[in-house]
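For reference, the chains in residue letters:
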Amino acid sequence: MPLQVGLVGLSNSGKTVLFNALTHAGAEVTAYASVSEKANLGVATIPDGRLDEVARVVGSRKVTPAAIRVMDVPGTGGSLVAGLRESDALLAVADGFSPESDPARDLEAIRLELLVADRDHVERRLERVRKEAKSGDPATRQEVDLLEALLVHVEAGKTLADWTGELPSELEPLTTKPLIALVNGPGGIDGKLEVELAELPPEEAAEFRDGPSVLDQVVAHLKDALGLIVFFTAGDTEARSWPLRQGQTALEAAETIHTDLARGFIRCEVIRWHDLVACGSHAEAARRGLQRLEGKNYVVEDGDVLNVRFNV
Ligand SMILES: Nc1nc2c(ncn2[C@@H]2O[C@H](COP(=O)(O)OP(=O)(O)O)[C@@H](O)[C@H]2O)c(=O)[nH]1
Ligand SMILES: [Mg+2]
């Protein structure tokens, strides 16, 4: 599964504006909540100067930066946020631009909506699993007991993140996901400004900003919240960066590229990106002993250039 983030927030907080700032997808922005609004799904690419340098020395014909899926749902109701259950992190957007803006109040409201959505989710799953449990399967009986205890827990106003025991593996809670609070307006992340700058080349756009772009800020948050790191692959045809999480292994990196690579994984050649750039080629890096051979359990580091050897 590619990395996915979901935007949550009250109506008119600027979620769709931010979605466009991150993905350049040009989704329709309306100044009111329309019932016909549908979820927007797009892709944000993580800009990385290291990738361009790697591509240059390797002579790759194509450069493809790492992608994150971004989901923007209209409103906060239960069925609407359901689409966010597959996200790795949630970006909570609060209005920081209108005269009535009160980001702390909005973020509290969002937290409550997520809590309610999770309670409803536990309740619905309990109903379903109770029916299945009639067949007498012990594992299903056990899940019923667990879900009943969870329901008591969430009805007391606590979140599933406060639950110290195991959660049913098939439950996809929202409140256990990292929640990254973003205030939309001047001084915070300025979605409106980003949309205006979207037409400009990156260097020109940067001159209009006081600091990093919305995308750079979101990526920085994901590094903190998820331990987001990036690794590279580079050949004649293409140089790519790929998202991964701190602590993930060469096997998981292979799986990010293609399930076949993970299935047939033999070993993996690893070079630090700056060693590759300094040496000028894979061959020279290998000659100087800077290319290592690693196995499945090697923990990938940010900036590693990987070449997976596989056999299917
Ligand atoms: N002034 C200002 N208006 C904004 C900003 N972000 C969004 N808006 C406006 O707020 C309205 C709602 O934005 P939208 O992205 O559709 O909000 P959503 O309902 O959360 O998706 C639109 O009219 C936007 O133009 C901002 O940073 N500054
Ligand atoms: Mg919207």
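Cut-off values and rules
- Residues numbered from 1 in each chain as written.
- Chains lettered and ligands numbered in written order.
- Predicted model: local features only at pLDDT ≥ 70, side-chain atom pairs only at ≥ 80, totals over all residues.
- Near = placed C-beta within 6 Å.
- Helix = DSSP H or I, 4+ residues; strand = E, 2+ residues; numbered from the N terminus.
- Nonpolar A, V, L, I, M, F, W, Y, C, P; charged D, E, K, R; others polar.
- Contact = placed C-beta atoms within 7 Å.
- Expected span 1.5 Å × (residues − 1).
- Buried ≥ 20, exposed ≤ 12 C-beta atoms within 10 Å, placed from the backbone.
- Axes fitted to C-alpha atoms, helices over the stretch in contact; angles between N-to-C directions.
- Parallel < 35°, antiparallel > 145°, perpendicular 65-115°, else oblique.
- Left-handed = near helix turned anticlockwise from the far one by under 90°.
- Pairing = 2+ DSSP bridges.
- Core = buried A, V, L, I, M, F, W, Y, C linked by C-beta atoms within 7 Å.
- Domains from an automatic or database assignment.

**Focus on the site of ligand 1**
Around ligand 1 sit 17 residues in total, of which Gly 14, Lys 15, Thr 16, Phe 97 and Lys 192 are the nearest. For the shell around ligand 1, the secondary-structure elements that each account for two or more residues are helix 1 (15–23) and helix 6 (191–197). Sorting elements by how many residues they give to the shell around ligand 1 places helix 1 first, with three residues. Across the shell around ligand 1, the residue classes tally to four nonpolar, ten polar and three charged.

**Let's talk about the environment of Ile 180**
Turning to its location among the elements, Ile 180 is positioned in strand 6 (residues 179–184). When the C-alpha positions of Ile 180 and Val 8 are compared, they lie 9.9 Å apart, and in sequence the two are 172 residues distant. Once residues lying within four places of it in the same chain are set aside, the contact partners of Ile 180 are Ala 89, Leu 90, Leu 91, Ala 92, His 221 and Ala 225.

**Brief notes about the environment of Thr 140**
Residue placement: Thr 140 occurs in helix 5 (residues 138–155). Counting along the chain gives eleven residues from Thr 140 to Val 129, while the straight-line C-alpha distance between them is 6.7 Å. Apart from the residues within four sequence positions on either side, Thr 140 is in contact with Val 129, Glu 132 and Ala 133.

**Some remarks on helix 4 (residues 103–133)**
Here helix 4 contains 31 residues, and its C-alpha end-to-end distance of 44 Å stays within 8% of the 45 Å for a straight helix at 1.5 Å per residue. Turning to helix 4, its buried residues number three or more, namely Asp 106, Ile 110, Glu 113, Leu 114, Ala 117, Asp 118, Arg 119, His 121 and Val 122.

**Overview of the packing of helix 4 against helix 5**
In the contact formed by helix 4 and helix 5, the axes pass within 9 Å of each other and the chain directions differ by 155 degrees. The angle between helix 4 and helix 5 places the two elements in the roughly antiparallel class. Judged by the twist between their axes, the crossing of helix 4 over helix 5 is left-handed. In this structure, helix 4 contributes Leu 115, Asp 118, Arg 119, Val 122, Glu 123, Arg 125, Leu 126, Val 129, Arg 130, Glu 132 and Ala 133 to the contact, and helix 5 contributes Thr 140, Arg 141, Glu 143, Val 144, Leu 147, Glu 148, Leu 150, Leu 151, Val 154 and Glu 155. Per-class residue counts for the contact of helix 4 with helix 5 are ten nonpolar, one polar and ten charged.

**A word on the sheet that holds strand 1 (residues 4–9)**
The strand order 2-4-1-5-6 describes an open sheet built from five strands, whose pairing is mixed. Where the open sheet ends on each side, the last strands, each with one partner, are strand 2 (40–45) and strand 6. With strand direction ignored, the average angle separating the axes of adjacent strands in the sheet is 30 degrees. In terms of strand pairing, strand 1 meets strand 5 (residues 89–95) through five bridges, oriented parallel. When the sheet's bridge partners are listed, Gly 9 is paired in strand 5 with Val 93. Where helix 4 meets the sheet, it contacts strand 1, strand 5 and strand 6, and its direction lies at approximately 140 degrees from that of strand 5. In the packing of helix 8 (residues 214–226) onto the sheet, the strands contacted are strand 2, strand 5 and strand 6, and the crossing angle to strand 5 comes to about 130 degrees.

**Observations concerning the pairing of strand 5**
Side-chain positions along a regular strand alternate between the two faces of the sheet. Of all seven residues in strand 5, seven are buried, a share of seventy percent or more. Here six bridges tie strand 5 to strand 6, and the two strands are oriented parallel to one another. Bridging from a neighbouring strand, Asp 95 pairs with Asn 184 of strand 6.

**Observations concerning the nonpolar core**
In terms of nonpolar packing, the biggest core is built from 64 residues, with Leu 22, Val 54 and Phe 231 touching the most fellow members. Ignoring sequence-local partners within four residues, the contact set of Phe 231 consists of Trp 242, Leu 244, Ala 253, Val 300, Asp 304 and Leu 306.

**Some points on the domain arrangement of the protein chain**
For the protein chain, the assigned domains are domain 1 (4–52 + 65–101 + 177–225), domain 2 (103–162) and domain 3 (247–310). The gap between the C-alpha centroids of domain 2 and domain 3 is 42 Å.

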